[in-house]
Amino acid sequence: MANGIKIQNFIGGQMLPPASGEYFDSINPAIAQSFADVPDSDARDLELAVTAAEKAFPAWRGMGAEKRAAIMHKLADLIEANAERFIEAECMDNGKPLSLCAAVDIPRAIANLRFFADAGKLLGGNTYESPGSYSYTLRQPFGTVAIISPWNLPLLLFTWKLAPALAAGNCVIAKPSEVTPLTAFMLSAFANEAGFPKGVLNVLHGRGPKIGAAITQHPRTPAISFTGGTATGREIYSGGAKLLKKVSLELGGKNPTVVFDDADFAKAVTGAKMAGFTNQGQICLCGSRVLVQDTIYEKFRDALVKEASDMSIGDPLQPDILLGALVSKAHMEKVLSCLDIAEQEGGRILTGGRRKIVPGRCAEGYFIEPTIIEGLPLHCRTNQEEIFGPVVTLMPFRDEDEAIRLANGTEYGLAASIWTEDAARGERVAARIDSGIVWVNCWNMRDLRTPFGGMKNSGVGREGGLRALEFFTEEKTVSRPNAAKA
Ligand code: NAD
């Protein structure tokens, strides 16, 4: 304890310590050292935040989308002007490569704020005219809404939810993951300078089962947007049902990468590698099951093993590093235990499979080598459960029907990527795969206007574009006799 950085809650425009006075450590996973104190918040902090949000709501709603957008753009400007600090903080908190934070995490967080600031200006209702009646709809903010985000893309996913909630005219109670709270804290420190009225944005830090659960069970947070694990999502959904809350759930995945023998071979190998191992495999969209047509299986397997084992892994601060540390000791141990299970199930580890000891500053860090496993059937734990680490399995398939059966053979349905040079086949297979997102000859290509979300155990609802703004509003119908036709 007594670390360099003391993270505080941001409530009603002020940085406040938690009511409990208790803090816990935030660990830099690349060096296994604590660097910040995280508030252990509880229902007392939440009550302050909800009161502040309710007080701020009339003015924020009344301000209109243009002025709200200007404030959100100012916040984006401030993050952009301090981008280097945010990039370093994300790298230190999460263990991911600095280069990835610079290329993806922080730029996308800025883009999220700007995109939804502008999209908020487009949010509006519809009109319905008939001979007897004239009706129109209003899209109105809820008041106080809650967002809860995970540790794998900390600021990116935090802003992905925060921005539409604010742009739609709500005040927000936001809880970042307790594992990676730093960049959300830094964002909150710029809220006053950006011009947010006090109480519009409230950021509470702490443990999921404590402050997270308190937020989702509070009677005056009528809408909750959650991204995280499926088990947590289920708990939030069932708790929310009792209070009839509106809930959006973005959950786990066990995504297939499907490679046909007519694919551009080199592009497919690199695509499968990036889908499997980017961010140490800790992206809900990662392709953790690589399905390869049997005619090219051995050749593809050998090429993928070669590319994966050549990936540079080590100190996330080094510019040429592709794989950094896993987010925590507990998570590293969980992934290593999944590798034990894979071996017990009869899987053959073709590369990786172990903790990686990185010499020097990162000697104690939580690194795992990129790992490829073959020889496992569809219905084993390794091919069914989300591992969320640098681990992919390989399975051969005979034809399109078998590829689709294997691709759809889990309880998840978030994303898939298909590799084929036959455009008709790409469309055919995309239509038959049960997932919210399908990429053809690419992976993780994102347009913020498109619907984003999962089927089956991967989630409920879709975010992205106007859908995210609509989620954070109530739609009201107003009708009157049609004067024009009277
Ligand atoms: P997690 O479910 O453990 O935690 C996510 C957030 O929920 C954290 O802020 C945590 O504090 C909070 N939380 C935990 N228990 C809670 C409770 N009982 N009530 C309220 N809040 C609670 O998930 P994680 O380990 O942080 O993230 C990894 C998971 O997130 C993976 O399963 C991954 O697939 C998923 N994920 C999904 C998407 C998507 O868009 N579908 C994106 C990123 C990550």
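A quick note: this is a predicted structure, and the numbers were derived from the prediction, not measured.

A short note on the environment of Glu235
Argument step 1. For Glu235, the position within the fold is in helix α9 (residues 230-242).
Argument step 2. Glu235 gets classed as exposed once you look at its relative accessible area, which sits at 59%.
Argument step 3. Separated by 164 residues in the primary sequence, Glu235 and Ile71 have C-alpha atoms spaced 35 Å apart.

Overview of the packing of helix α10 (residues 265-277) against helix α11 (residues 297-309)
Argument step 1. Following both chains from N to C, one finds α10 and α11 inclined at 55°, their axes separated by 10 Å at the closest point. As summarised for this structure, α10 and α11 are arranged oblique, according to the angle between their axes. Classified by chirality, the crossing of α11 by α10 is right-handed. Each of Phe265, Ala268, Val269, Thr270, Ala272, Lys273 and Phe277 in α10 lies in contact with α11, whose residues at this interface are Lys299, Phe300, Ala303, Leu304, Glu307 and Ala308.

Here we look at the sheet that holds strand β18 (residues 371-374)
Argument step 1. On the basis of which strands lie adjacent, the open sheet formed by seven strands has the order β15-β18-β19-β14-β13-β21-β22 and mixed pairing. Sheet topology places β15 (348-351) and β22 (437-440) at the edges, where each strand pairs with a single neighbour. Between one strand and the next, the sheet's axes are offset by a mean angle of 25°, whatever the strand orientation.
Argument step 2. Looking at chain direction, β18 and strand β19 (residues 391-397) are connected through four bridges and run parallel. Counterpart to Glu374 in the pairing with β19 is Leu394.

Notes on the site of the ligand
Argument step 1. Around the ligand there are 29 residues in total, and Ser149, Glu178, Thr232, Leu251 and Glu386 lie nearest to it.
Argument step 2. One of the backbone N or O atoms of Ala213 is found 3.4 Å from a nitrogen atom in the ligand.
Argument step 3. Protein coverage of the free-state accessible area of the ligand, which is 850 Å², stands at 90%.
Argument step 4. Secondary structure elements with two or more residues in the shell around the ligand: α8 (208-217), β11 (223-227) and α9.
Argument step 5. The element that contributes the greatest number of residues to the shell around the ligand is α8, accounting for four residues.
Argument step 6. Grouping the constituent residues of the shell around the ligand by class yields 14 nonpolar, 10 polar and five charged.
Argument step 7. Each of domain 1 (5-251 + 458-476) and domain 2 (256-440) contributes no fewer than three residues to the shell around the ligand.

A few points about the sheet that holds strand β6 (residues 127-129)
Argument step 1. If you walk across this open sheet you meet the three strands as β6-β7-β25, and the pairing is antiparallel. Every other strand in the sheet has two partners, leaving β6 and β25 (473-481) as the edge strands with one partner each. Sheet twist, expressed as the average angle between the axes of neighbouring strands with direction ignored, equals 15°.
Argument step 2. As paired elements, strand β7 (residues 133-141) and β25 share nine bridges and run antiparallel to each other. Bridged to Ser135 within β25 is Ser479.

Remarks on the side chain of Thr351
Argument step 1. Mapped onto the elements of the fold, Thr351 is located in strand β15.
Argument step 2. Look at Thr351 and you get buried, because its relative accessible area is 13%.
Argument step 3. Setting aside anything within four residues of it in sequence, one finds Thr351 in contact with Val305, Ala308, Ser309, Pro370, Thr371 and Ile372.

Quick look at a negative patch on the surface
Argument step 1. Taken together, Asp261, Asp294, Glu298 and Asp399 make up a surface patch of like negative charges.
Argument step 2. For Glu298, the position within the fold is in helix α11.
Argument step 3. For Glu298, a relative accessible area of 45% puts it in the partly exposed group.

Points about the domain arrangement of the protein
Argument step 1. Taken as a whole, the protein is organised into domain 1 (5-251 + 458-476) and domain 2 (256-440).
Argument step 2. The C-alpha centroid of domain 2 is placed 31 Å from the C-alpha centroid of domain 1.
Argument step 3. Tallying the contact residues gives 22 residues for domain 1 and 29 residues for domain 2.
Argument step 4. Counting each side, the surface lost to burial between domain 1 and domain 2 is near 1,900 Å², with a carbon and sulfur contribution of 61%.
Argument step 5. Of all residues in domain 1, the largest losses of buried area upon contact with domain 2 belong to Ala30, Trp151 and Ser458, amounting jointly to 25% of the total for that side.
Argument step 6. Where domain 1 touches domain 2, the interface holds zero salt bridges.
Argument step 7. For the pair domain 1 and domain 2, the interface holds eight residue pairs in polar contact (both at pLDDT 80 or more).

Some points on the packing of aromatic side chains
Argument step 1. With the rule as written, the count across this model stands at 11 aromatic pairs.
Argument step 2. Taken together, the ring pairs connect Phe115, Phe116, Trp160 and Phe452 into an aromatic cluster.
Argument step 3. Here the guanidinium or amino end of Arg108 rests over the ring plane of Trp160, the centre of that ring lying 5.2 Å away.
Argument step 4. Its end group placed over the ring of Phe265, Lys299 keeps NZ or CZ at 4.3 Å from the ring centre.

What counts and what doesn't
- Residues numbered from 1 in each chain as written.
- Predicted model: local features only at pLDDT ≥ 70, side-chain atom pairs only at ≥ 80, totals over all residues.
- Heavy atoms only, no water.
- Helix = DSSP H or I, 4+ residues; strand = E, 2+ residues; numbered from the N terminus.
- Buried < 20%, exposed > 50% of the residue type's maximum accessible area, 1.4 Å probe, protein only.
- Axes fitted to C-alpha atoms, helices over the stretch in contact; angles between N-to-C directions.
- Parallel < 35°, antiparallel > 145°, perpendicular 65-115°, else oblique.
- Left-handed = near helix turned anticlockwise from the far one by under 90°.
- Contact = heavy atoms within 4.5 Å.
- Pairing = 2+ DSSP bridges.
- Near = heavy atom within 4 Å.
- Polar contact = N/O pair within 3.5 Å; in protein donor to acceptor, adjacent residues only side chain to side chain.
- Areas by Shrake-Rupley, 256 points an atom, 1.4 Å probe, with all protein chains shown as cover.
- Nonpolar A, V, L, I, M, F, W, Y, C, P; charged D, E, K, R; others polar.
- Domains from an automatic or database assignment.
- Patch = residues over 30% accessible without salt bridge, like charges linked within 9 Å, V, L, I, M, F, W, Y side chains within 5 Å.
- Salt bridge = Lys/Arg side-chain N within 4 Å of Asp/Glu carboxyl O.
- Lys, Arg positive; Asp, Glu negative; His and termini not counted.
- Charge placed at Lys NZ, Arg CZ, Asp CG, Glu CD.
- Buried area = accessible area lost by both parts, 1.4 Å probe.
- Phe/Tyr/Trp six-rings, centres within 6.5 Å; stacked < 30°, edge-to-face > 60°.
- Lys NZ or Arg CZ within 6 Å of the ring centre and 35° of its normal.

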